[in-house]
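Structure at a glance
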Amino acid sequence: MELNENRLAAKIYSAVAPSEEQSARFAKFIEKKYGEGVSLEWIESDAFPGGFRLEVGSDVYDWSVGGRFRQLRDSLVSVPTANGNIIPLLKDTIKSWTPEALAEQVGEVKTVGDGIATVSGLDYATYGEILLFADGVRGMVQDIRANEIGCVLFNDDENVAQGSSVRRTGKTAGVPVGEGFLGRVVDALGVPIDGLGEIESSGYMPVETPAPSIIDRQPVDTPLETGIFSIDSMFPIGRGQRELIIGDRQTGKTAIAVDAMINQNDKNCICVYVAIGQKTSSVVQIQQTLKKHGAMDHSIIVSASASDPAPLQYIAPYAGCAMAEYFMNKGKDVLIVYDDLSKHAVAYRALSLLLDRSPGREAYPGDVFYLHSRLLERAARLSDEIGGGSITALPIVETQAGDVSAYIPTNIISITDGQIFLESDLFFAGQRPAVNVGLSVSRVGGAAQTKAMKKATGTLRIDLAQYREMEVFTQFASDLDEQTRSQLEYGQGLMRMLRQKQYHPKSQHEQVITLVMALAHTMKGLTVEQVTPFIEDLIGEFETAHQDICTRIDSTGMLDDDLKKEIIDISTEYRNKWKM
Ligand code: ATP
Ligand code: MG
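It should be emphasised that the depicted structure is a prediction, and the values quoted were computed from it without experimental measurement. (Residues numbered from 1 in each chain as written. Chains lettered and ligands numbered in written order. Predicted model: local features only at pLDDT ≥ 70, side-chain atom pairs only at ≥ 80, totals over all residues. Heavy atoms only, no water.)

Take the overall build of the chain next. Along its length, the chain carries 19 helices and 20 strands. With the principal axes as the frame, the chain shows a C-alpha extent of 110 × 55 × 40 Å. Considering the chain as a whole, with its 580 residues, one finds that 51% of them fall into the buried category. Counted over contacts in the chain with a minimum sequence separation of 6, partners at least 24 positions apart contribute 74%. (Helix = DSSP H or I, 4+ residues; strand = E, 2+ residues; numbered from the N terminus. Buried < 20%, exposed > 50% of the residue type's maximum accessible area, 1.4 Å probe, protein only. Contact = heavy atoms within 4.5 Å.)

Next up, the structure:
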């Protein structure tokens, strides 16, 4: 085997030839580590003053001054800061530092360019491992071939030259995590990019981790209220669920995610927004929106913008997920938005092509499925024994001309527990949020709804389905009988009721009262234009004159028949005296 032949040669580099005693010690060391029969050769070199460097195959043992300095430097880099005071900690680190004869594997850069390097000589590097290049440039192993390794670089590749050395770190890619990240905007490696200073992290988590096992999970049964009427009533999302937001460009996908984040203000749920391949200006805008609506202090924005190299865009969602996992493992609920996974797939494609993978592989459905499934599998509701935390994922996918049958949308539809389908036609007709009621679904469904919402929603979906059908039928009919007309009007009223302005999340009582009132045909006789003002006035009436009903719904999440009747009675009375 080639590998074994390589390893049979050991070389010692030093300025002065080792003494006999030293040679004997080296030989003993090598025999202990690699067995018998390894030849030992001395090579004169001025590159390692004041010590030795031993190479066995691709393993390197550095006893030179330079190597020891590097060890010291590495241990100093990892010194944490305590309240900004670094000196005492530095002193401790230096005092307790002892040089070690570390075995490290050193390879050589064969080619470099476009943020990708191929490296030879690192026989044991593993997939996802971090490699250290000259000048502290870091890279991640992404492709392991017979004689070389493809590695993506996270920093500028300007200083990485062909022939320069590469060291293994033995660590997989990770990001700093912690409470300090709340309220901040960071890049895919956890480095702050909002100009608000350093972030004190509470730990370091691998970017890629296996998803929680079945035993570690419990069923999704607690609602994650988005405050968006059409979603909470018909496609409820539970804590730990994965719900896809899918639609053409400019159909309000991001708006839904942002509204859902804003609605978590008083719901004890942390939000992580991962922006992949977006303009920096859009990310800044989202940060300002969240700040304006008081949602930024419980949110983290992870941004790998369109101008960032493909490797960063590629790991951004995994990094964001690691930050979310930190909180989930502490028993907290987290909402994570991936905006969007289409651009993530594009970044992956760029990466694959640059890594010289065989043509076609970059869009191989199996690979892209694995790309997204291993990300979305990490959303979970943990069992109570391990804290009961959760990650709810809202991945976003952009379609082309409403085509959900392309391979990325179909992949992600099959991975997630449902989808909110947004439609351009509805959006331009003014129906916003442009949720297509027929094509959207939540497979967790009623289990993640409070009893009050479940009861209030009643026949809404069926009524809307009937309305859609009838609308198509009657499109060309000029004169309609009375019953058909009133059914059409009822449907139009319901559609109008589901319209909602951006940044105006609806509370639970608002949604329940509106549903109960509308499904009891209380709005009969109102024109479509009157629907929204009437509902606004009615809710205002309830919140001032019948506060007890609102608090009862919000606090108990229950709706019994008496309460339902009371709401209908009050609404009907109000409707009759409402200015027309
Ligand atoms: P892109 O494909 O560019 O990412 P998108 O699908 O994420 O677009 P948004 O950016 O969320 O869409 O929304 C597009 C526009 O529609 C924005 O200007 C937004 O303000 C507006 N919009 C979205 N939802 C609503 C709403 N419910 N009411 C009014 N305007 C809305
Ligand atoms: Mg968007």
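Between helix 16 (residues 508-519) and helix 18 (residues 547-556), the least distance of the axes is 8 Å, while the angle of their chain directions is 110°. It follows that helix 16 is roughly perpendicular to helix 18 by the angle criterion. The handedness of the crossing between helix 16 and helix 18 is right-handed. Facing helix 16, whose interface residues are Gln508, His509, Val512 and Ile513, helix 18 presents Cys550, Ile553 and Asp554. (Axes fitted to C-alpha atoms, helices over the stretch in contact; angles between N-to-C directions. Parallel < 35°, antiparallel > 145°, perpendicular 65-115°, else oblique. Left-handed = near helix turned anticlockwise from the far one by under 90°.)

A grouping of Asp479, Asp481, Glu482 and Glu489 is seen on the molecular surface, where their side chains present a negatively charged patch. With respect to the helices, strands and loops of the structure, Glu482 is situated in helix 15 (residues 482-497). When its relative accessible area of 58% is taken as the criterion, Glu482 is described as exposed. (Patch = residues over 30% accessible without salt bridge, like charges linked within 9 Å, V, L, I, M, F, W, Y side chains within 5 Å. Areas by Shrake-Rupley, 256 points an atom, 1.4 Å probe, with all protein chains shown as cover. Salt bridge = Lys/Arg side-chain N within 4 Å of Asp/Glu carboxyl O. Lys, Arg positive; Asp, Glu negative; His and termini not counted. Charge placed at Lys NZ, Arg CZ, Asp CG, Glu CD.)

Taken together, 13 residues are adjacent to ligand 1, and Gln250, Lys253, Thr254, Ala255 and Gln502 come closest. Interatomic distance of 3.0 Å between a backbone N/O atom of Gly252 and an oxygen atom of ligand 1. Thr254 is positioned with one of its side-chain polar atoms (N or O) 2.7 Å from an oxygen atom of ligand 1. When residues of the shell around ligand 1 are assigned to their parent elements, the largest contribution, three residues, is made by helix 6 (residues 253-262). The residue inventory of the shell around ligand 1, partitioned by class, reads three nonpolar, six polar and four charged. (Near = heavy atom within 4 Å. Polar contact = N/O pair within 3.5 Å; in protein donor to acceptor, adjacent residues only side chain to side chain. Nonpolar A, V, L, I, M, F, W, Y, C, P; charged D, E, K, R; others polar.)

This part is about the side chain of Ser352. Along the chain, Ser352 falls in helix 9 (residues 341-354). Residue classification places Ser352 among the buried residues on the basis of a relative accessible area of 1%. In this structure the side chain of Ser352 is engaged in a polar contact, spanning 3.1 Å, whose partner is the side chain of Arg357.

Another aspect to go through is helix 15. In a regular helix each residue adds 1.5 Å, so 16 residues correspond to 22 Å; helix 15 covers 22 Å between its end C-alpha atoms and thus fits that length. Residues of helix 15 that are buried: Thr484, Leu488, Tyr490, Gly491, Gly493, Leu494, Met495 and Met497. In this structure, the buried side of helix 15 is in contact with helix 5 (229-234), helix 14 (460-473), helix 16 and helix 17 (528-545). One side-chain oxygen of the residue at the start of helix 15 lies 3.1 Å from the amide nitrogen of Gln483, identifying that residue as Asp481. (Expected span 1.5 Å × (residues − 1).)

When two helices pack together, their arrangement is captured by the angle between the axes and the distance separating the axes. Following both chains from N to C, one finds helix 6 and helix 7 (residues 280-292) inclined at 30°, their axes separated by 10 Å at the closest point. As for how helix 6 packs across helix 7, the hand of that crossing is right-handed. Contact residues: Thr254, Val258, Met261 and Ile262 in helix 6; Ile286, Thr289 and Leu290 in helix 7.

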